[in-house]
Amino acid sequence: MKSNREGGAQALPLGDEGTGGVGSAANSVALTLALCFAVALLEGLDLQSVGVAARGMSKEFGLSVAQMGIAFSAGTFGLLPGAMVGGRLADSIGRKRVLMLSAALFGVLSIATAFVSDFWMLVIVRMLTGVGLGGAMPNLIALSSEAVAPRLRGTAVSIMYCGIPLGGGIAATIGMLAVSDADWRHIFYVGGLGPILLLPLLAWFLPESRAFAAATSQGQRATPAPMTSVLFSEGRGLSTVQLWLSYFCTLIVLYFLLNWLPSLMGSRGLARGEIGWVQILFNVGSAVGVLGLGYLMDRARMSFVIGGMYLGMIASLVGLAAAHGFGVLAAAAFFAGMFIIGGQSVLYALAAAYYPTAMRGTGVGAAVAIGRIGSVVGPLAAGMLLAVGSSAAVVIGASIPVTIVAALAALTLIRRPRAAD
């Protein structure tokens, strides 16, 4: 019989013999992934809510293109400290507690967004909302990856992360159903009530990671290793830098599209309904890409998966920049979602593989936080380019060199050794 520590470190799908065996473990995995998926769904809705509400906000508050870029980046700026602190706390007090605190925070502040009365209040509220959203993601990754055996981490993280684009699709649908631009507040009511209503389910049914409990002295509170030791000691320094670079550059492109895609499609002459369908197809493609690339990650050569997804990103960006007409733009948006958001889910699963269980929250949180700098840079840079008169094609095309840098960093990362557990 293995000790508690050894059994936990195996992190499922085999269960404890005294507590229900394989069936109990399988139920625990399903429950963990389902609840993490639900939180990710609501996070995806909130992340795209400002883009959907942008036209109504800009009309009501008289915002310029540059000011909208600041409003987009405010939420993503809050993601950085949220991810760093959320990941660090997760290694000390547990993944479940930090996830619940994060969900409560972004739920309350999403509702608060509907009550803002001027531009600066909007910026402050969205920045604080981002803190909650940022704190949630490292814990969603850790809980999902630690719920299964290491060979299934890519699939588990992809199932969880599939909620992000589907939540974005819900946001786009709410935008399409709005009667006028004056109805922009509705999306924030939906995005805020969801996580608040989900909190009791998380409290009652979400199991804490057994791998985390085993790695922290059989469930007792842990004292995490110093952050510099987690990130740079025992040969992890180069892996950490490569991971950060791939996150940073990929999230520049991802958040640029999440925030500016509706406005860019509008500048191409698409009507409101057509813009909504482009967004929906972007998110449907994202869900397909997340699940497909996650499946391949656990079954195909990693160099093939990483190389293919970045080639797909570049091709889809070229399509968005060069295409004209609703049909071609919609197809390009579908493939952009498939490879860009699908590719980000692969990077999230990779991060979990390079840090041991006891320090995974800190390592993943730091990578997500560095990536969030890119999520701030992307919308701001696009806003600046548009403000000086650049066309949609130029703005989209400017993201292609950034994608190439991300690809090189990721392809060199996968040659590095991974954590033993």
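Just so you know, these numbers come straight off a predicted model, no measurement behind them. (Residues numbered from 1 in each chain as written. Predicted model: local features only at pLDDT ≥ 70, side-chain atom pairs only at ≥ 80, totals over all residues. Heavy atoms only, no water.)

A. A look at the pattern of salt bridges. Summed over all chains, the structure comprises six salt bridges. A salt bridge links Asp91 to Arg95, with the shortest nitrogen-to-oxygen separation between them at 2.8 Å. Here Glu146 makes a salt bridge to Arg95, at a shortest N to O gap of 2.7 Å. Of the two residues, Glu146 sits in helix 5 (residues 119-146) while Arg95 sits in helix 4 (residues 95-113), which places them 51 residues apart along the sequence. With relative accessibility at 0%, the residue Arg95 sits in the buried group. If you follow the salt bridges from partner to partner, you end up with Asp91, Arg95, Glu146 and Arg360 in one network. (Salt bridge = Lys/Arg side-chain N within 4 Å of Asp/Glu carboxyl O. Helix = DSSP H or I, 4+ residues; strand = E, 2+ residues; numbered from the N terminus. Buried < 20%, exposed > 50% of the residue type's maximum accessible area, 1.4 Å probe, protein only.)

B. View of the domain arrangement of the protein. Taken domain by domain, the protein holds domain 1 (27-208) and domain 2 (227-420). On a C-alpha basis, the centroid separation for the pair domain 1 and domain 2 is 18 Å. Residue-level contacts link 48 residues of domain 1 with 51 residues of domain 2. Buried surface at the junction of domain 1 and domain 2, summed over both partners, amounts to about 4200 Å²; 65% is from carbon and sulfur atoms. The partner of Arg360 in a salt bridge is Glu146, with the nearest N and O atoms 3.1 Å apart. At the junction of domain 1 with domain 2, the criterion picks out 10 residue pairs in polar contact (both at pLDDT 80 or more). Secondary structure elements with two or more residues in the side of domain 1 that touches domain 2: helix 2 (21-61), helix 3 (65-93), helix 5, helix 6 (153-161) and helix 7 (163-177). A total of 15 residues in the side of domain 1 that touches domain 2 trace back to one element, the largest contributor, which is helix 3. Taken together, the residues that form the side of domain 1 that touches domain 2 break down as 24 nonpolar, 15 polar and nine charged. (Domains from an automatic or database assignment. Contact = heavy atoms within 4.5 Å. Buried area = accessible area lost by both parts, 1.4 Å probe. Polar contact = N/O pair within 3.5 Å; in protein donor to acceptor, adjacent residues only side chain to side chain. Nonpolar A, V, L, I, M, F, W, Y, C, P; charged D, E, K, R; others polar.)

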